Amino acid sequence: MQSAVPRVGPLPRTGEIFLDARSARRALRVTWHHESGLVVLSLWRDNLCAGTFRLSVVEVPDLIDMLRAGLDAAYDASAARTALPGAS
């Protein structure tokens, strides 16, 4: 009896995989689909896709802005924690 689990295809040239901080068995796969005007974010556990989110390319700048603002805030918070008392 053959498994009904679909095989994972190769990642398109316009994509990237990010491993989850909790486990290398979990990943976020980001792929551009220029022909459809979409970026697809998919969540993976081992070789199984657990879910997808399709983001219109016109919304990508807002996502990037939000990620950048979060990165800036994380950097500022880290710098504040490591600053020596009395340093300016």
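Numbering of residues begins from 1 in every chain and follows the order in which that chain's sequence is written. Only residues with pLDDT of 70 or above have their local features reported here, since the model is predicted, and side-chain atom pairs are shown and tallied only from 80 upward, although totals for entire chains, interfaces and linings are computed over all residues. The side-chain numbers reported here are obtained from all heavy atoms of the structure, hydrogens and water having been left aside.

## Re the pairing of strand β1 (residues 15-19)
To keep things clear, this is the line we draw: Strands are treated as partners if at least two bridges between them are detected by DSSP. Numbering goes from the N terminus for both helices and strands, where a helix is a DSSP run of H or I of at least four residues and a strand is a run of E of at least two.
Here β1 pairs with strand β2 (residues 26-33) via 5 bridges, running antiparallel. Residue pairing in the sheet places Phe18 in a bridge with Leu28 of β2. Once β1 ends, the chain turns through 6 residues before running back antiparallel as β2.

## Focus on the pattern of salt bridges
Our working definition: Just to be clear on terms, a salt bridge is a Lys or Arg side-chain nitrogen sitting within 4 Å of an Asp or Glu carboxyl oxygen. Think of it in three bands: with a 1.4 Å probe and only protein chains considered, a residue is buried below 20% of the maximum accessible area for its type, exposed above 50%, and partly exposed in between.
Inspection of the entire model under this criterion finds 3 salt bridges. The closest approach of N and O atoms between Arg22 and Asp20, which form a salt bridge, is 2.8 Å. Using a relative accessible area of 26% as the deciding quantity, one classes Asp20 as partly exposed. Residues Asp46 and Arg25 are paired through a salt bridge, measuring 2.6 Å at the closest nitrogen-oxygen approach. One end of the pair, Asp46, is in the loop between β3 (38-45) and β4 (48-56); the other, Arg25, is in the loop between β1 and β2, and 21 residues separate them in sequence. Residue Asp46 is classed as partly exposed on the basis of its relative accessible area of 44%. Taking the relative accessible area as the measure of exposure, Arg25 reaches 55% and is therefore exposed.

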